[in-house]
Amino acid sequence: MLEGDGIGPEIVPASVLVVDAALAAAGAPPAEWVELPLGASAIGTHGDALPASTLAALEGLDGWLLGPHDSAAYPEPHRSKLNPSGGIRKHFDLFANIRPAKSFDGADAVVPGTDLVIVRENTQGFYADRSTYKGTGEFMPTPDVAIAMGIVTRPAVERIAVEAFELASRRRGRVTIVHKANVLKLTTGLFRDVCREVAARYPQVSVDDFHIDAMTVHLVRRADAFDVIVTENMFGDILSDLAGEIAGSLGIAPSINASHERAMAQAAHGSAPDIAGQDVANPIAMILSSAMLLDWLGARHQDPALARAATLIETAVAGTVRGGVRTRDMGGTAGTRAFAEAVAAGVKR
Ligand SMILES: NC(=O)C1=CN([C@@H]2O[C@H](COP(=O)(O)OP(=O)(O)OC[C@H]3O[C@@H](n4cnc5c(N)ncnc54)[C@H](O)[C@@H]3O)[C@@H](O)[C@H]2O)C=CC1
Ligand SMILES: CC(C)CC(=O)C(=O)O
């Protein structure tokens, strides 16, 4: 576990509490938690927000929880470096960022009945790292000119499209491709076209596509009509915050960042410095990210107890919300810890 900054030291321990309860209830072996330094505190102790020792320790693992970091507030030179989660995603080539947005029965949502998953390409576009793709990233040829160079490649689109179509095959059988091929014709045009080629291998899955600007409108109006949305890195980052809020709150939006070998649970939101340290943050996003990780590990290791633990968590979170225990962003009064304790009690029940 890596707690990160801001609300990280509140929501990550809240998730650990719930995961421990779920593993015990599901008859799975207990987790052995190892706390690794990352974020502002690691700048103080190790001189780096993502210490080499942290990356080395992660090498030996196939799953971990990452809290959010407040990298926009780091002092220089740390602020100008690749942010810590970007560094981990890049190091382990965690190419698929899977971000569900699901509303809860009985709780407010902009669009009740929302149940979709954004499959975000996690390595390319404008967020590509210069050391991986030469010539990409941001640079300033003069103090008055800033340039951002993105990249889209066929293999990267193919592998994320396969993730999206496989997922849709296990869900409601629909994939929506989001792009901006009317303006970014070559880059996001390639993204759309390669996704369409992959679609041909999945005749049982229906496919459509929208421009990113129009897609924001469709989501606000009828998010409940979508199943799996596949899109490039930056569009997926933005769209998933929107989808989380439409489903009820950004604080309920989970994710995993995955390759075929490793997965990292990480809430879709940031470190929320405006509410940090007040015990008001919603831990649902981090708790459900942890459940996604257990589910992923269960599939990888063919261990049904881990999948059971994931289901227990999802059911207990939904039951807790339905029972009226909610944090402030969802109109309730429960604190972060109290909410997690209620979920852990629900898991045990
Ligand atoms: N995965 C990560 O580590 C991410 C880190 N960040 C970083 O986080 C810092 C703050 O970024 P912002 O743009 O302010 O975005 P943010 O996601 O931290 O906050 C946006 C708004 O949502 C609220 N919010 C977020 N999570 C919440 C939760 N669990 N419960 C209740 N309310 C919640 C915040 O209070 C704030 O009003 C920046 O340094 C940014 O770079 C941003 C996004 C992702
Ligand atoms: C990790 C962040 C700095 C970027 C972001 O908002 C995200 O990837 O979710």
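The model shown is predicted, which means the values in this text are computed figures rather than measured ones.

Q: Which parts of the structure should I look at to understand the site of ligand 2?
A: Residues in contact with ligand 2, as listed here, are His-69, Asn-83, Ser-85, Arg-89, Arg-99, Arg-120 and Asp-237. Here an oxygen atom of ligand 2 sits 3.2 Å away from a polar atom, N or O, in the side chain of Asp-237. Here ligand 2 loses 70% of its free accessible area of 280 Å² to cover by the protein chains. Residues belonging to the shell around ligand 2 are distributed by class as follows: no nonpolar, 3 polar and 4 charged.

Q: Explain the confidence of the model for the protein here, please?
A: Should the pLDDT be low somewhere, the predicted coordinates at that spot are not to be read in detail. Residue-level pLDDT values for the protein average 97, and 100% of them are 70 or greater. Element-level mean pLDDT values for the protein span from 92 in strand β4 (residues 137–142) up to 99 in strand β8 (residues 228–231).

Q: It is not clear to me how the site of ligand 1 should be interpreted in this structure. Could you clarify?
A: Taken together, the neighbourhood of ligand 1 is formed by 19 residues, with Asp-70, Gln-266, Gly-270, Ala-272 and Asp-274 sitting nearest. Note that a nitrogen atom of ligand 1 is positioned 2.9 Å from one of the backbone N or O atoms of Asn-282. Computed on the free molecule, ligand 1 has an accessible area of 810 Å², of which 69% lies beneath the protein chains in the complex. Looking at the shell around ligand 1 residue by residue, the class counts come to 8 nonpolar, 8 polar and 3 charged.

Q: Just checking my understanding: could you explain the sheet that holds strand β3 (residues 115–121) for this structure?
A: Strand pairing in a sheet takes place through backbone hydrogen bonds and is either antiparallel or parallel in direction. If you trace the 8 strands from one edge of the open sheet to the other, you get β1-β10-β9-β2-β3-β8-β6-β7, paired in mixed fashion. Across the chains shown, the open sheet's two edge strands, defined by having one partner strand only, are β1 (63–66) and β7 (206–211). Between one strand axis and the next, the sheet turns by 25 degrees as a mean value, whatever way the strands run. Helix-sheet contacts for helix α9 (residues 284–300) involve β1, β2 (96–102), β9 (256–258) and β10 (263–266), and the interaxial angle to β10 is about 165 degrees.

Q: Whenever I open this one, a nonpolar patch on the surface confuses me. Can you help?
A: Side chains of Phe-126, Tyr-127, Val-183 and Leu-184 sit close together on the surface and give an oily, nonpolar patch of about 330 Å² of accessible area. Exposure remark for Tyr-127: the relative accessible area of 35% places this residue in the partly exposed category.

Q: Got a minute to help me understand helix α11 (residues 336–348) in this structure?
A: An α-helical segment advances 3.6 residues per turn. Residues three or four places apart therefore align on the same side. Taking 1.5 Å as the rise per residue, α11 with 13 residues should run 18 Å; its terminal C-alpha atoms sit 19 Å apart, in good agreement. Taken residue by residue, α11 has Thr-336, Phe-339, Ala-340, Val-343, Ala-344 and Val-347 as its buried positions. Viewed along the axis of α11, the buried residues span an arc of 135 degrees, placing them on a single side of the element. Summarising the contacts, the buried residues of α11 are in contact with α1 (8–26), α9 and α10 (304–322).

Q: In this structure, what is going on with the packing of helix α5 (residues 154–170) against helix α6 (residues 187–199)? I would like to understand it.
A: Helix-helix packing is described using two parameters, namely the angle between the two axes and the distance between the axes. Taken N-terminus to C-terminus, the directions of α5 and α6 make an angle of 50 degrees; their axes are 9 Å apart at the nearest point. With respect to α6, the axis of α5 lies oblique. Relative to α6, the crossing made by α5 is right-handed. The residues of α6 that touch α5, namely those facing Arg-154, Val-157, Glu-158, Ile-160, Ala-161, Val-162 and Phe-165, are Leu-190, Phe-191, Val-194, Cys-195, Glu-197, Val-198 and Ala-199. Its residues placed into classes, the contact of α5 with α6 shows 11 nonpolar, no polar and 3 charged.

Q: Is there a simple way to think about the environment of Gly-150 in this case?
A: Inspection of the secondary structure assignment puts Gly-150 in the loop between β5 (145–149) and α5. Distance in space between the C-alpha atoms of Gly-150 and Gly-135 is 8.9 Å, their sequence separation being 15 residues. Beyond its immediate stretch of four places on either side in the chain, Gly-150 contacts Gly-125, Phe-126 and Thr-136.

Calculation notes
- Residues numbered from 1 in each chain as written.
- Chains lettered and ligands numbered in written order.
- Predicted model: local features only at pLDDT ≥ 70, side-chain atom pairs only at ≥ 80, totals over all residues.
- Heavy atoms only, no water.
- Near = heavy atom within 4 Å.
- Polar contact = N/O pair within 3.5 Å; in protein donor to acceptor, adjacent residues only side chain to side chain.
- Areas by Shrake-Rupley, 256 points an atom, 1.4 Å probe, with all protein chains shown as cover.
- Nonpolar A, V, L, I, M, F, W, Y, C, P; charged D, E, K, R; others polar.
- pLDDT = per-residue confidence, 0-100.
- Helix = DSSP H or I, 4+ residues; strand = E, 2+ residues; numbered from the N terminus.
- Pairing = 2+ DSSP bridges.
- Axes fitted to C-alpha atoms, helices over the stretch in contact; angles between N-to-C directions.
- Contact = heavy atoms within 4.5 Å.
- Patch = residues over 30% accessible without salt bridge, like charges linked within 9 Å, V, L, I, M, F, W, Y side chains within 5 Å.
- Salt bridge = Lys/Arg side-chain N within 4 Å of Asp/Glu carboxyl O.
- Buried < 20%, exposed > 50% of the residue type's maximum accessible area, 1.4 Å probe, protein only.
- Expected span 1.5 Å × (residues − 1).
- Arc of directions from axis to C-beta.
- Parallel < 35°, antiparallel > 145°, perpendicular 65-115°, else oblique.
- Left-handed = near helix turned anticlockwise from the far one by under 90°.

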